[in-house]
Amino acid sequence: MPLPRLILTSGEPAGIGPELCLAAAARQWSCDLIVACDQALIEQRARQVHADIRFAPYTPGAARQEHVPGTMRLLHSPLANAAYPGRLDASNAHYVLQLLDAAIDGCSRREFDAIVTAPVQKSVINDAGIAFSGHTEYLAERAGGAHPVMMLATKKLRVALATTHLPLSTVSGAITAELLERVLIILDHDLRDRFALPAPRILVCGLNPHAGESGHLGREEIEVIEPVLRRLCKSGMRLIGPAPADTAFTPHMLAQADAVLAMYHDQGLPVIKYADFGAAVNVTLGLPFIRTSVDHGTALDLAGTGKADPGSLYAAIEMAIEMAAKARRRQRTAPDRTLPAR
Ligand SMILES: NC(=O)c1ccc[n+]([C@@H]2O[C@H](COP(=O)([O-])OP(=O)(O)OC[C@H]3O[C@@H](n4cnc5c(N)ncnc54)[C@H](O)[C@@H]3O)[C@@H](O)[C@H]2O)c1
Ligand SMILES: N[C@H](C(=O)O)[C@H](O)COP(=O)(O)O
C-alpha cells in the first residue's frame, strides 16, 4: 500500500507553529511528511530554537518517501514580510491562507492524503480585511460548501460542536432542526467511517441551563433538539439527550457515549481542554479530505522560545496518518469523495 503523504501547514508565522513543525520533523513518522512554510522563516526559527534539521525542497510530483527524522521536506511559500516571534503583521495574512490553499489544492490533486494544520491567528487575518473565522469554516468553503463539524478528541473523550466560531448572542438562532440534523448525521457517519465505531452512541447536550428546565429556562430543547433526536433515533441512530450540559461530562454520563455533541464552542471545548490540553486533536468532520489540527492557539507568548509543547501536534499527525491509511485501504474498493475544482 502506498505510503500516506501529509501536508503540515505551519500557520501564523509569528506564532509557535513553525517551531512545532521543526519538533515534528525531528521525529520518526510512518508517512511522507511535507511542511508548508516560508524557507527563510523556518531556517531562522530553527536557529532560534537550536533545532538541528536538514531542509530539502519539496516539489509537487516528487516520489513519496518515508519521513527521515531530522529532515524536513519543505514546500516553500513566500512570506510578504519577514516575520518575528510574537509580532503579528497583517501583511502576512495572505501568506497564511496561501499555505492552506496549497494544502487544499494538493488534496484535490490527490498529491496529499491529509492536511495537518498548525495554529493561525484569526484576528490578524481579519485585521487584514479578510473575513475568516477559522480553518474549519475556510476549509469547508474551499471544499465547495461542505458542512464542517468540529470535533476535539483524545483517547478518552470526543467532543463535537453543533456550532463553531459564532458570537454567543447568535448561537440560539443558529441551532435549527435542519442544522442539528445535518451535524448529527455527519457526526454519526464519520464516527463510523473514520473512527471505526460501528454503532456510535452520541450524547447530545441541551442549550440552556438544566436543558431548559422543562421549558422554564428556554424552549430550544423542547422545540428543536428533542424532535430532531426522536426523528433520528427512529432512523437507527443511537442518541441520548438533550442532557443538561453541566452534568453531561460526568463519568456516569460519559460511560454511555462514544462522543458528546455540545451546542456551542465554549460549552464543550473547555471540558476537553481542561482534561487534556496539549494532547487533544481537533479534527474536522464532513470534509471530502482528512484534516486534523492542534488543540491550542498561536501562543505568541511562547513563540521563538522552543518551550511550546508539541504533544497535540504529534497526536494530530498520528491521527491523520491512521485516517489516511484507512482511507487508502477503502479507496481500493470504492472511490473517495472528490473536491470540486477551484
Ligand atoms: N487550530 C488553530 O488554528 C487555533 C486553535 C486555537 C486558537 N487559535 C487562535 O490562536 C490565537 C491565540 O489564542 P489563545 O490565546 O486563546 O490560545 P492559545 O492556545 O494560543 O494560548 C492559551 C495559553 O496556552 C498556552 N499554550 C498554547 N499552546 C501551547 C503549547 N503548545 N505549549 C504550551 N503552552 C501553550 C499559551 O502560552 C497561553 O498561555 C487566537 O487567534 C485563536 O483564535 C487557533
Ligand atoms: N476552536 C478551536 C479551538 O479552540 O481549539 C480553534 O479555534 C481552531 O479552530 P479551527 O481549526 O477552525 O481554526
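- Looking up the protein in an unreviewed UniProt entry gives the name 4-hydroxythreonine-4-phosphate dehydrogenase, with the organism given as Steroidobacter denitrificans.
- The protein has a UniProt comment under Function (unreviewed entry) that states "Catalyzes the NAD(P)-dependent oxidation of 4-(phosphooxy)-L-threonine (HTP) into 2-amino-3-oxo-4-(phosphooxy)butyric acid which spontaneously decarboxylates to form 3-amino-2-oxopropyl phosphate (AHAP)."

1. Here we look at the UniProt feature "binding site: a divalent metal cation" (unreviewed entry) in the protein
No. 1: According to UniProt, the positions carrying the feature "binding site: a divalent metal cation" (unreviewed entry) are His165, His210 and His265. The named residues occupy 101 residues along the chain; their greatest pairwise C-alpha distance, 23.4 Å, places them well apart from one another.
No. 2: With respect to the secondary-structure elements, His165 resides in the loop between β7 (158-161) and α6 (171-174).
No. 3: On the neighbour-count criterion, His165 (15 C-beta atoms within 10 Å) is partly exposed.

2. Details of the UniProt feature "binding site: substrate" (unreviewed entry) in the protein
No. 1: Following the UniProt record, the feature "binding site: substrate" (unreviewed entry) maps to His135, Thr136, Lys273, Asn282 and Arg291 here.
No. 2: On the secondary structure map, His135 appears in helix α5 (residues 135-142).
No. 3: Every residue in contact with His135, bar those within four places of it in the chain, is listed here: Leu100, Thr117, Val120 and Ser293.
No. 4: Looking at the element boundaries, Thr136 is found in helix α5.
No. 5: Not counting residues up to four positions away in its chain, the partners in contact with Thr136 are Pro148, Met150, Thr164 and Thr284.

3. Overview of the pairing of strand β1 (residues 5-9)
Remember that side chains alternate between the two faces of the sheet whenever the strand is regular.
No. 1: Counting buried positions over the five residues of β1 gives five, a clear majority of the element.
No. 2: Sheet topology note: the β1/strand β2 (residues 32-37) ladder contains five bridges and is parallel. Paired with Leu6 across the bridge in β2 is Leu33.
No. 3: Read as a crossover between parallel neighbours, the route from β1 over helix α1 (residues 17-25) to β2 is right-handed.
No. 4: Here β1 pairs with strand β5 (residues 114-117) via four bridges, running parallel. Bridging across to β5, Leu8 finds its partner in Val116.

4. Brief notes about the site of ligand 2
No. 1: In the vicinity of ligand 2, the contacting residues are Gly134, His135, Thr136, His265, Leu269, Asn282, Ser293 and Asp295.
No. 2: Listed by contribution, the elements that provide at least two residues to the shell around ligand 2 are α5 and α11 (265-276).
No. 3: Of the residues contributing to the shell around ligand 2, the split by class is one nonpolar, six polar and one charged.
No. 4: Here the shell around ligand 2 spans two domains, since at least three of its residues come from each of domain 1 (1-146 + 288-342) and domain 2 (147-286).

5. Digging into the domain arrangement of the protein
No. 1: Here the protein is partitioned into domain 1 (1-146 + 288-342) and domain 2 (147-286).
No. 2: For domain 1 versus domain 2, the separation of C-alpha centres amounts to 28 Å.
No. 3: On the side of domain 2, 17 residues touch domain 1, which itself brings 20 residues to the contact.
No. 4: Within the residue set of the side of domain 1 that touches domain 2, elements represented by two or more residues are α5, β12 (290-293) and α12 (311-331).

6. Describing helix α3 (residues 93-108)
Residue pairs spaced three or four apart in an α-helix point in one direction, given the helix's 3.6 residues per turn.
No. 1: The terminal C-alpha atoms of α3 lie 23 Å apart, and with 16 residues this matches the ideal 22 Å at 1.5 Å per residue to within 8%.
No. 2: Among all positions of α3, only Ala93, Tyr95, Val96, Leu99, Leu100, Ala102, Ala103, Ile104, Gly106 and Cys107 are buried.
No. 3: Buried residues along α3 sit in contact with β1, β2, β4 (71-76), β5, α4 (122-127) and α5.
No. 4: Downstream of α3 by one or two residues, Arg110 has phi in the positive range, about 65 degrees.

7. With respect to the environment of Asp127
No. 1: Tracing the backbone through its elements, the reader meets Asp127 in helix α4.
No. 2: Overall, Asp127 belongs to the partly exposed group, with 14 C-beta atoms counted inside 10 Å.
No. 3: Between the alpha carbons of Asp127 and Ser91 there is a distance of 9.3 Å; along the sequence they are 36 residues apart.

8. Concerning the packing of α1 against helix α2 (residues 39-49)
No. 1: Packing of α1 against α2 brings their axes to within 9 Å, and their N-to-C directions diverge by 75 degrees. It follows from the interaxial angle that α1 and α2 lie roughly perpendicular. Contact with α1, carried on its side by Pro18, Glu19, Cys21 and Leu22, involves Leu41, Ile42, Arg45, Ala46 and Val49 of α2 and no other residues of that element.
No. 2: Classifying every residue of the contact of α1 with α2 by side-chain character gives seven nonpolar, no polar and two charged.

Rules behind the numbers
- Residues numbered from 1 in each chain as written.
- Chains lettered and ligands numbered in written order.
- Predicted model: local features only at pLDDT ≥ 70, side-chain atom pairs only at ≥ 80, totals over all residues.
- UniProt positions renumbered as here; feature names shortened; annotations may be inferred.
- Helix = DSSP H or I, 4+ residues; strand = E, 2+ residues; numbered from the N terminus.
- Buried ≥ 20, exposed ≤ 12 C-beta atoms within 10 Å, placed from the backbone.
- Contact = placed C-beta atoms within 7 Å.
- Pairing = 2+ DSSP bridges.
- Right-handed = clockwise from strand over helix to strand, strands pointing away.
- Near = placed C-beta within 6 Å.
- Nonpolar A, V, L, I, M, F, W, Y, C, P; charged D, E, K, R; others polar.
- Domains from an automatic or database assignment.
- Expected span 1.5 Å × (residues − 1).
- Axes fitted to C-alpha atoms, helices over the stretch in contact; angles between N-to-C directions.
- Parallel < 35°, antiparallel > 145°, perpendicular 65-115°, else oblique.

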